[in-house]
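Residues per chain are reported as follows:
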Protein chains: 2
Amino acid sequence: MAKTFAPSPLALPLPPLAALAGLRLGAVEANIRYKGRTDLMLMEFAPGTTVAGVFTRNKCPGAPIDWCRARLPGGTARGLLVNSGNANVFTGRAGVETVETSAAAAARALGCAPSEIFLASTGVIGEKLPADRIVAALPALTSALRMDGWEAAARAIMTTDTFPKAARREARIGDVTVLIQGIAKGSGMIAPDMATMLAYVATDAALPAPVLQALLEGGVRGSFNAITVDSDTSTSDTLMLFATGKAGNAPVGDAHDPALADFAAALGEVLTELAIMVVRDGEGASKMMTITVRGAVSDGSAHRVAMAIGNSPLVKTAVAGEDANWGRIVMAVGKAGEPADRDRLSVAIGGTVIAAKGTVVEGYDETPVIAHMKGQDIVIEVDLGLGDGRATIWSCDLTHGYIDINGSYRS
Amino acid sequence: MAKTFAPSPLALPLPPLAALAGLRLGAVEANIRYKGRTDLMLMEFAPGTTVAGVFTRNKCPGAPIDWCRARLPGGTARGLLVNSGNANVFTGRAGVETVETSAAAAARALGCAPSEIFLASTGVIGEKLPADRIVAALPALTSALRMDGWEAAARAIMTTDTFPKAARREARIGDVTVLIQGIAKGSGMIAPDMATMLAYVATDAALPAPVLQALLEGGVRGSFNAITVDSDTSTSDTLMLFATGKAGNAPVGDAHDPALADFAAALGEVLTELAIMVVRDGEGASKMMTITVRGAVSDGSAHRVAMAIGNSPLVKTAVAGEDANWGRIVMAVGKAGEPADRDRLSVAIGGTVIAAKGTVVEGYDETPVIAHMKGQDIVIEVDLGLGDGRATIWSCDLTHGYIDINGSYRS
């Protein structure tokens, strides 16, 4: 059914993953859409696990998004059930019933309340998701739960992804070392307005849900909200953070407590690493762009200019063609609708300043830029010369592969 | 130098064009960038010709845009000089000097003031445009001026265009019949924020410049501002309207005078016809989309939702693949950032309602939709079910051809 595509040339190996106290996970084949591969994943959290989440701002969210949003204020989670192949989006009353039936079945399997089950679905939009296949698969799935099931979980949530995505950091809270570990999926329909398709991060730290939520919202800005593959914001974007509390750190009641500085930094690294993996698995991607805009009137303005560059089909195709066509970067800056002054702008590619003060620099030698464009990691820097605002975002090129993948996704 | 591409499968034939009293035009090979084809076009207007124009809102406009904006308040035009192959954008002081030198030379050739010369350049961004080649070509160009030079002019302004674009209408002002005739170019970097790359329309009507400007601004909203090829707004977008006054109609001092109703309607048709030609020559286009959004909270909101659909790479690739993947239309509606309610939304393709009230319609038969998707003209209709706002826009699909053209435009 599902076509498989060759691994992205930008694929990264799965890092070594650790067991995380208070968390077991696993995956099975539920035959929801794909054949011969796992497509249903369950995480089981120890009692007392706190939860935080951010979800798509798309106005047509899937039924699982509605469910999670409504359950998040409860602040605790015992289970997370995710299927791939069908997004359960625009499925009306049937979609809501599938979510309710699935949550009830998972709650029975894990011995908790349905309100402590979180769900997500990813795949085709507009087709009914059969709850019976999920319910039927739950006994095998519950038996498959293991503390070292992380790679299996990362693989089960993939759709057009070509490699599984995970990241891991350790951090200190007081004198206790805690683990932060997460998985993500995403490849197309990537322009998260708060989080990409699906990403799940867990920690064994003990943190109240409001603190966890504040930390997650702080971390998402420079990571998942700073990537784009195709400017299309998914109806299913979900990023969740679970804290099992098994590490035994001292209680912390405020996200801005200095005791959480190291944790927040490590969380930011995990989120950024996962987000970059999504870009590196962007549909058809052959090159990754790191786009930094400085000198904007604000950080938000810098972000919007950087996104205008990263989403420009003309910039993306030029990068695919290894063409140092900096004029298209100028165009993209100018179309962003943000304060910009042609005559103060400067543009650099691969560290070589090409244009400044409204024209190409005197004696510009394209040689090092051409060499840079042949690499896989393209670095674009723009200075607007107006203020102190800055932002970095990540994008990928636009190639024939994107057309191949998306011209016939459903077939 | 310039690659040539096969004509768009959506190409339209050039309509029969008429001589327009008070206007002569022609084209020559100035060897600015292209070899073996015309690349410099001149229009000569009779004394007393009034002028109106709208220009790109891109913050990094080319030097010719700055020149035209500054000259427009004068209200009269005697000449229009346009080159293809080089956009004279981000060329600093040298670009300004090229504009000044070219305008002065054209003014001498036509016996008028430089302030009555309008200019435009289209092509590569960031390379210096040699004024000497333009100045050297002016004697031959002036000799080439003819009343029937319209097709030659339409061809000389093409860049990645695969067919020349022109449109013609007649209208009545009082008891006088006037002619409205125009040409356009544009294929990529098309998401006009007021006008696409270059379009020039002339009429033999007698209309004061402020009336002409009001009519043009009224006409651009539903035409050039309602098309997109790739969401990239050009640095050179220019739409100008010239009125030679030779038709001898009675004076009209107000754009809203009922005597101008027929003229305004005919002008709107010319602008829309030219704008649609640009979409039909969209880089790599194999299908055109007509996207109508109804039931929005306002016309502006409907327009933004329609543009979100028309610019979505996932919608565009689905259309290219003849895949009636309506879920991506739902996604695009939801990401537009405009008021929308998943459960009130309906989506139709080719006149078949597919989804309504938050889910697929009971007994949906995909057969007629599949047949419609195999055609060249794809009709997408969305009803948001919220209000009376409506808008129609035109876009094209995203194919391998777009990647081919833009991965190596400069080479």
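Quick caveat, the model's predicted, so the values are computed rather than measured.

**Student:** Can you walk me through the overall build of chain A in this structure?
**Tutor:** A count of helices and strands for chain A gives 11 helices and 15 strands. Taken against the 2.2 N^0.38 rule, which gives 22 Å for 411 residues, the C-alpha radius of gyration of chain A at 22 Å falls within 12% of a compact globule. Along the longest, intermediate and shortest principal axes, the C-alpha atoms of chain A span 70 × 55 × 35 Å. Here chain A has roughly 13,400 Å² of accessible surface; of this, 53% comes from carbon and sulfur atoms. Taking the average location of the 36 positive side-chain charges in chain A and that of its 42 negative ones, the two points are 5 Å from each other.

**Student:** Is there a simple way to think about the UniProt feature "binding site: substrate" (unreviewed entry) in chain A in this case?
**Tutor:** Residue and element names in this part refer to chain A. Look at the UniProt record and you will see "binding site: substrate" (unreviewed entry) annotated at Thr-159, Lys-185, Thr-196, Glu-283, Asn-406 and Ser-411. Take Lys-185: it is sitting in strand 7 (residues 176-185). There is a polar contact of 2.9 Å between the side chain of Lys-185 and the side chain of Thr-159.

**Student:** I tried to follow the packing of helix 8 (residues 313-320) of chain B against helix 9 (residues 326-335) of chain B on my own but got confused; where do I start?
**Tutor:** Geometrically, a packed helix pair is captured by the angle between its two axes and the distance between the axes. Residue and element names in this part refer to chain B. The interhelical angle for the contact between helix 8 and helix 9, taken along N-to-C directions, is 160°, at an axis separation of 9 Å. Judged by the inter-axis angle, helix 8 sits roughly antiparallel to helix 9. Relative to helix 9, helix 8 is oriented so that their crossing is left-handed. Every residue of helix 9 that contacts helix 8 at Leu-314, Val-315, Thr-317 and Ala-318 is listed here: Arg-328, Ile-329, Met-331 and Ala-332. In terms of residue class, the contact of helix 8 with helix 9 is made up of six nonpolar, one polar and one charged.

**Student:** Honestly, the relation of the copies chain A and chain B in this entry has me stumped. Any pointers?
**Tutor:** These two copies of the chain differ by a rotation about an axis and a displacement along the same axis. With an axial shift of 0.0 Å and an RMSD of 0.0 Å, the rotation relating chain A to chain B amounts to 180°. With respect to symmetry, the two chain copies, as superposed, fit the operation of a two-fold axis. Looking at the rotation axis and the C-alpha trace of chain A, the residue lying nearest is His400(A), at 2.8 Å. Here 100% of the interface residues in chain A have copies in chain B that are interface residues too; the copies meet face to matching face.

**Student:** How should the nonpolar core be read in this particular structure?
**Tutor:** In summary, soluble globular proteins display a tendency toward joint burial of nonpolar side chains. With 177 residues, the main nonpolar core has Phe263(A), Ile309(A), Val382(A), Phe263(B), Ile309(B) and Val382(B) as its most contacted residues. With residues up to four places along the chain from it excluded, the contact list for Val382(A) reads Thr292(A), Val293(A), Arg294(A), Ile309(A), Ile329(A), Val333(A), Leu345(A), Ser346(A) and Val347(A).

**Student:** Help me understand the sheet that holds strand 9 (residues 238-243) of chain B, please; the structure alone is not making it clear to me.
**Tutor:** In any sheet, the strands associate via hydrogen bonds between backbone groups, in a parallel or an antiparallel arrangement. All names here are of chain B. Reading across from one edge, 3-9-8-7-6 is the order of the five strands in this open sheet, with mixed pairing throughout. Two strands lie at the open edges of the sheet, namely strand 3 (50-55) and strand 6 (165-173), each paired on one side alone. On average, each strand axis in the sheet is inclined to that of its neighbour by 15°, with strand direction left out of account. Here six bridges tie strand 8 (residues 198-203) to strand 9, and the two strands are oriented parallel to one another. By the bridge assignment, Tyr-200 is partnered in strand 9 with Met-240. In the packing of helix 5 (residues 209-220) onto the sheet, the strands contacted are strand 3 and strand 9, and the crossing angle to strand 3 comes to about 35°.

**Student:** Just checking my understanding: could you explain the interface of chain A and chain B for this structure?
**Tutor:** By a widespread convention, an interface's size corresponds to the accessible area lost as its parts come together. The interface of chain A with chain B comprises 59 residues on the first partner and 59 residues on the second. In total, chain A and chain B occlude about 4,900 Å² of area from one another, counting both sides; carbon and sulfur atoms represent 56% of this. At the boundary of chain A with chain B, the tally comes to four salt bridges. We note a salt bridge from Arg342(B) to Asp66(A), for which the minimum N-O separation is 2.6 Å. Across the contact surface, chain A and chain B share 28 residue pairs in polar contact (both at pLDDT 80 or more). Among the secondary structure elements, those contributing two or more residues to the side of chain A that touches chain B are helix 1 (63-71), helix 8 (313-320), helix 9 (326-335), strand 12 (352-356), strand 13 (359-360) and helix 11 (400-406) of chain A. Looking at side-chain class alone, the side of chain A that touches chain B contains 23 nonpolar, 21 polar and 15 charged residues.

**Student:** It is not clear to me how the state of the cysteines should be interpreted in this structure. Could you clarify?
**Tutor:** Here, disulfide denotes a covalent bond that connects the sulfur atoms of two cysteines. In this structure the tally under the stated criterion is zero disulfides over all chains. Cys60(A) takes part in no disulfide bond, and the closest cysteine sulfur, belonging to Cys68(A), lies 18 Å away.

**Student:** Would you mind showing me how to read the packing of aromatic side chains here?
**Tutor:** The relative placement of two aromatic rings is captured by the distance of their centres and the angle of their planes. If you walk through the whole model with that rule in mind, you get four aromatic pairs over all chains. For the ring pair Phe90(A) and Trp326(B), a centre distance of 5.7 Å and an interplane angle of 65° mean the geometry is edge-to-face. Pair noted here: Phe90(A) is in the loop between strand 4 (79-86) and helix 2 (92-110) and Trp326(B) is in helix 9, and the two residues belong to different chains. The pair formed by Phe90(A) and Trp326(B) is uniform in burial state, with each residue classed as buried.

**Student:** Hey, could you run me through the pairing of strand 8 of chain B in this one?
**Tutor:** A regular strand places its side chains so that they alternate between the two faces of the sheet. Residues and elements named next belong to chain B. Along strand 8, six of the six residues are buried, which leaves the element largely enclosed by surrounding structure. Burial of strand 8 is two-sided: the residues Leu-198, Tyr-200 and Ala-202 facing one way and the residues Ala-199, Val-201 and Thr-203 facing the other way are all buried. In this structure, strand 7 (residues 176-185) lies alongside strand 8, joined through six bridges in antiparallel fashion. Following the sheet pairing, Ala-184 is matched in strand 8 by Ala-199.

Parameters and conventions
- Residues numbered from 1 in each chain as written.
- Chains lettered and ligands numbered in written order.
- Predicted model: local features only at pLDDT ≥ 70, side-chain atom pairs only at ≥ 80, totals over all residues.
- Heavy atoms only, no water.
- Helix = DSSP H or I, 4+ residues; strand = E, 2+ residues; numbered from the N terminus.
- Rg over C-alpha atoms; globule rule 2.2 N^0.38 Å.
- Areas by Shrake-Rupley, 256 points an atom, 1.4 Å probe, with all protein chains shown as cover.
- Lys, Arg positive; Asp, Glu negative; His and termini not counted.
- Charge placed at Lys NZ, Arg CZ, Asp CG, Glu CD.
- UniProt positions renumbered as here; feature names shortened; annotations may be inferred.
- Polar contact = N/O pair within 3.5 Å; in protein donor to acceptor, adjacent residues only side chain to side chain.
- Axes fitted to C-alpha atoms, helices over the stretch in contact; angles between N-to-C directions.
- Parallel < 35°, antiparallel > 145°, perpendicular 65-115°, else oblique.
- Left-handed = near helix turned anticlockwise from the far one by under 90°.
- Contact = heavy atoms within 4.5 Å.
- Nonpolar A, V, L, I, M, F, W, Y, C, P; charged D, E, K, R; others polar.
- Least-squares fit on C-alpha atoms with pLDDT ≥ 70 in both.
- Core = buried A, V, L, I, M, F, W, Y, C linked by side-chain atoms within 4.5 Å.
- Buried < 20%, exposed > 50% of the residue type's maximum accessible area, 1.4 Å probe, protein only.
- Pairing = 2+ DSSP bridges.
- Buried area = accessible area lost by both parts, 1.4 Å probe.
- Salt bridge = Lys/Arg side-chain N within 4 Å of Asp/Glu carboxyl O.
- Disulfide = S-S within 2.5 Å.
- Phe/Tyr/Trp six-rings, centres within 6.5 Å; stacked < 30°, edge-to-face > 60°.

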